[in-house]
Amino acid sequence: GRRFCPDSENITDDNCREGEIIMASSTMAYSADVYYGPSSATYPTMGSVTKGEAVTVQWKEGSWYYIQYTVSSTGQYKCGYVNEYAVNTNGNLFPDHTSTIASNLSLGPSTLKCGGKVFLGSNFSYPQGGAVDTGERVYIAYGISNNGWKFIQYNTSSGKKRGWVPNYYFTG
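Calculation criteria
- Position numbers for residues start from 1 in each chain and track the written sequence from start to end.
- Residues qualify for local features only when their pLDDT is at least 70, as the model is predicted, and side-chain atom pairs are given and counted only at 80 or more; totals for whole chains, interfaces and linings, by contrast, use all residues.
- Remark: hydrogens and water are excluded; side-chain values derive from all non-hydrogen atoms of the structure.
- Secondary structure follows DSSP: runs of H or I at least 4 residues long count as helices, runs of E at least 2 residues long count as strands, and numbering of each begins at the N terminus.
- The buried label applies to any residue whose accessible area, calculated with a 1.4 Å probe on protein chains only, is under 20% of its type's maximum; exposed applies above 50%, and partly exposed to all values in between.
- Two aromatic rings, drawn from Phe, Tyr or Trp (for Trp, its six-membered ring), form a pair once their centres lie within 6.5 Å of each other, and the interplanar angle then sorts them: stacked below 30 degrees, edge-to-face above 60, tilted otherwise.
- Salt bridges are identified by distance alone: a Lys or Arg side-chain nitrogen within 4 Å of an Asp or Glu carboxyl oxygen.

Describing the overall build of the chain
Then step 1. For the chain, the helix and strand inventory stands at 1 helix and 13 strands.
Then step 2. In the chain, the succession of α and β elements from N to C terminus is β-β-β-β-β-β-β-β-β-β-β-β-β-α.
Then step 3. In the chain, which comprises 172 residues, the proportion classed as buried is 52%.

This is the structure we're talking about:
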């Protein structure tokens with residue numbers, strides 16, 4: 001299942017923070033762009049969601065929610081970041097003990113042993129959001145993994161992006 005303690009040999013217990021990823025169903029209060037990371041200044045857009053659209057909030061990072069949404073033209077799911085103001089929270093989307101679960105998400109450098117597609121969710125059924133190369137230096141999100149997948153940040157010509165890659169990218 002989902003957990004907040006990675007199994008990478010590069011990460012020590014000192015960097016591991018116990019917690020849980022919240023899967024909360026909600027709707028969009030406003031139409032909004034969806035970004036590859038938690039900043040409209042730093043990360044490019046990956047799509048958009050409309051007012052009233054159903055989303056699943058997976059975690060909060062600062063003033064941004066990491067959501068899963070459905071692409072209407074393909075029916076595929078994608079995951080990305082929207083500003084918290086755009087999501088209907090009804091005041092209780094995140095209980096107090098989990099409200100800042102990822103607000104201090106830390107990223108640690110690692111070098112890929114093999115490259116390939118970066119996905120917009122934590123399995124092969126999600127669409128591709130980018131690609132990484134063998135030997136490329138990326139940043140693993142400490143504490144976020146899901147059934148053999150790691151959440152990473154990497155650089156592109158259009159800016160920083162975040163996405164999911166299988167663990168074997170790091171083991172070869």
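Still to come is the rest of the account.
Regarding the packing of aromatic side chains
Any pair of aromatic rings gets described here by the distance separating the centres and the angle formed by the planes.
Then step 1. Scanning the model with the defined rule gives 11 aromatic pairs in all.
Then step 2. Ring geometry for W59 and Y66: centres 4.1 Å apart, planes at 15°, overall stacked.
Then step 3. For W59, a relative accessible area of 0% translates into the label buried.
Then step 4. Residue Y66 is classed as buried on the basis of its relative accessible area, which comes to 2%.
Then step 5. With a centroid separation of 5.6 Å and an interplanar angle of 85°, the aromatic rings of F119 and W149 are classed as edge-to-face.

A few points about the pattern of salt bridges
Then step 1. Considering all chains together, one arrives at 2 salt bridges under this definition.
Then step 2. We note a salt bridge from K60 to E84, for which the minimum N-O separation is 3.0 Å. Residue K60 is found in strand β5 (residues 54-61), and its partner E84 is found in the loop between β7 (77-83) and β8 (107-111); the two are separated by 24 residues along the sequence.
Then step 3. We classify E84 as partly exposed; its relative accessible area is 28%.
Then step 4. Here R162 makes a salt bridge to E61, at a shortest N to O gap of 2.9 Å. Of this pair, R162 sits in strand β13 (residues 159-166) while E61 sits in strand β5, and the two are 101 residues apart along the sequence. For the pair shown, R162 and E61 are each scored as buried.

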